[in-house]
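So you can see what is in the structure, the chains are spelled out below.
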Amino acid sequence: ERLGIAADTAEARIDLASLLAAMGSVSAGLGQLLIAERLVESASLGPSLLADATLVGADLRALINDYEGAAADYDRASDLYRASNNLPGQAGADGGRGFMELNRENWPVAVDRLSRAREEFNSAGHLRPRAIAGLYLAFALNQSGDVDAARTVLRESMQEAEALDDPVMSAALLGMQADIES
């Protein structure tokens, strides 16, 4: 039962870190995250919960432009999720790194990580996140000059959005198609 309390406390601190960052207090969020990480490690709560904390840390570090630290955390979170057989978590970590690299205009790494995330989401049966990763991947491919690959990914993502009956995703993908074709 003590382990349950420690896990609940760590999860609450991880959630609080995200909330504080969303409210604009990234430094307070990082402080809560540090407490959560220490608790997870000292109580040996396992790789999945440590991956959750690491992924939140990556997102927070990206917010404060600590891209090297964020990249290391995204990679560590992906490895930890893989070790705990958490494919959706791994896809989220790879997608987070891909999105960060997209914002940095680091097209090769963005394409690599978004491609990985897309396949991982597919393997996990998470089709909406796969379509979202496809939208970002199409953008990265187009920006890197591989317009044919961007069109292919976009076409597949549009079919997924239609199958999901997601008009908002379809509209975003149509906007991307217009950007690619212009």
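Residues numbered from 1 in each chain as written. Predicted model: local features only at pLDDT ≥ 70, side-chain atom pairs only at ≥ 80, totals over all residues. Heavy atoms only, no water.

*Asks:* What is the right way to read the overall build of the protein from this model?
*Replies:* Helix and strand content of the protein: nine helices and zero strands. In the protein, the succession of helices and strands from N to C terminus is α-α-α-α-α-α-α-α-α. Against the 2.2 N^0.38 benchmark of 16 Å for 182 residues, the protein shows a C-alpha radius of gyration of 18 Å, consistent with a compact globule. Referenced to the eigenvectors of the C-alpha coordinate spread, the extents of the protein come out at roughly 55 × 30 × 25 Å. Of all 182 residues assigned to the protein, the portion counted as buried reaches 43%. Here the analysis covers contacts within the protein between residues at least 6 apart in sequence; of these, 52% occur between residues at least 24 apart. (Helix = DSSP H or I, 4+ residues; strand = E, 2+ residues; numbered from the N terminus. Rg over C-alpha atoms; globule rule 2.2 N^0.38 Å. Buried < 20%, exposed > 50% of the residue type's maximum accessible area, 1.4 Å probe, protein only. Contact = heavy atoms within 4.5 Å.)

*Asks:* I tried to follow unusual backbone geometry on my own but got confused; where do I start?
*Replies:* Excluding glycine, a negative phi dihedral is what most residues carry, and trans is how most peptide bonds are arranged. One non-glycine residue with positive phi stands out, namely Glu 105, at about 60 degrees. Within the element layout of this structure, Glu 105 appears in the loop between helix H5 (87-103) and helix H6 (107-124). You will see that Asp 165, though not glycine, has its phi angle at about 55 degrees, which is positive. By the secondary structure assignment, Asp 165 is in the loop between helix H8 (147-163) and helix H9 (167-181).

*Asks:* Looking at this structure, how should I read the pattern of salt bridges?
*Replies:* Side chains carrying opposite charge are able to pair once their charged atoms draw close together. By the definition in use, this model includes 16 salt bridges. Between Asp 112 and Arg 116 there is a salt bridge, and its shortest N-O distance comes to 3.1 Å. A residue pair is termed a helical-turn pair when its members lie 3 or 4 positions apart in one helix, as Asp 112 and Arg 116 do in helix H6 at four residues. Judged by relative accessible area, which is 34%, Asp 112 ranks as partly exposed. For Arg 116, a relative accessible area of 33% corresponds to the partly exposed category. Linked by salt bridges that have partners in common, Asp 75, Asp 94, Arg 97, Glu 101, Arg 104, Asp 112, Arg 113 and Arg 116 make up one network. (Salt bridge = Lys/Arg side-chain N within 4 Å of Asp/Glu carboxyl O.)

*Asks:* Before we go on, may I ask you to explain the nonpolar core in this structure?
*Replies:* Among soluble globular proteins, nonpolar side chains are generally buried collectively. Membership of the largest hydrophobic core comes to 28 residues, with the highest contact counts inside it found for Ile 14, Leu 33, Leu 45, Leu 49, Leu 60 and Tyr 74. When residues in this core are grouped by element, the largest group, nine residues, is from helix H3 (residues 47-63). Among the nonpolar cores identified, the runner-up in size contains 20 residues, and Ala 140, Leu 141, Ala 150 and Leu 173 belong to it. (Core = buried A, V, L, I, M, F, W, Y, C linked by side-chain atoms within 4.5 Å.)

*Asks:* What am I meant to see in helix H2 (residues 26-42) here?
*Replies:* Since the α-helix advances by 3.6 residues per turn, residues separated by three or four positions end up pointing in the same direction. Helix length check: H2 (17 residues) gives 24 Å between terminal C-alpha atoms against 24 Å at 1.5 Å per residue, within 8%. For H2, the full list of buried residues reads Val 26, Gly 29, Gln 32, Leu 33, Ala 36, Glu 37 and Val 40. Angularly, the buried residues of H2 cover 145 degrees about the axis, an arc narrow enough to put them on a single face. Those residues of H2 that are exposed and angled more than 90 degrees off the buried face are Ser 27, Arg 38 and Ser 42. With its phi angle positive at about 50 degrees, Ser 44 sits one or two positions after the end of H2. (Expected span 1.5 Å × (residues − 1). Arc of directions from axis to C-beta.)

*Asks:* Explain a nonpolar patch on the surface here, please?
*Replies:* On the surface, a nonpolar cluster with roughly 300 Å² of combined accessible area is contributed by Leu 16, Leu 19 and Met 23. Along the chain, Leu 16 falls in helix H1 (residues 2-22). (Patch = residues over 30% accessible without salt bridge, like charges linked within 9 Å, V, L, I, M, F, W, Y side chains within 5 Å. Areas by Shrake-Rupley, 256 points an atom, 1.4 Å probe, with all protein chains shown as cover.)

*Asks:* Please clarify how the environment of Asn 142 should be interpreted in this entry.
*Replies:* Relative to the helices and strands, Asn 142 is located in helix H7 (residues 127-143). Looking at Asn 142, the relative accessible area reads 16%, which means it is buried. Residues within four places of Asn 142 in sequence aside, it is in contact with Val 147, Ala 150 and Ile 180.

*Asks:* Help me out: how do you make sense of the packing of aromatic side chains in this one?
*Replies:* Here a ring pair, both rings aromatic, is described through the centre-centre distance and the interplanar angle of the planes. For the coordinates displayed, the defined rule picks out two aromatic pairs. Considering the side-chain rings of Phe 99 and Tyr 136, the 4.9 Å spacing of their centres and the 55 degrees angle between planes classify their relative orientation as tilted. Of this pair, Phe 99 sits in helix H5 while Tyr 136 sits in helix H7; the two residues are 37 residues apart in sequence, bridging distant segments of the chain. Residue class for Phe 99 comes out partly exposed when judged on its relative accessible area of 34%. Between the aromatic rings of Trp 107 and Phe 139, the centroid separation amounts to 5.9 Å while the plane-to-plane angle is 70 degrees, which identifies the pairing as edge-to-face. Here the residue Trp 107 occupies a position in helix H6, and Phe 139 occupies one in helix H7, the gap between them amounting to 32 residues. A relative accessible area of 15% places Trp 107 in the buried class. (Phe/Tyr/Trp six-rings, centres within 6.5 Å; stacked < 30°, edge-to-face > 60°.)

Worth remembering: the numbers are spatial, not functional.
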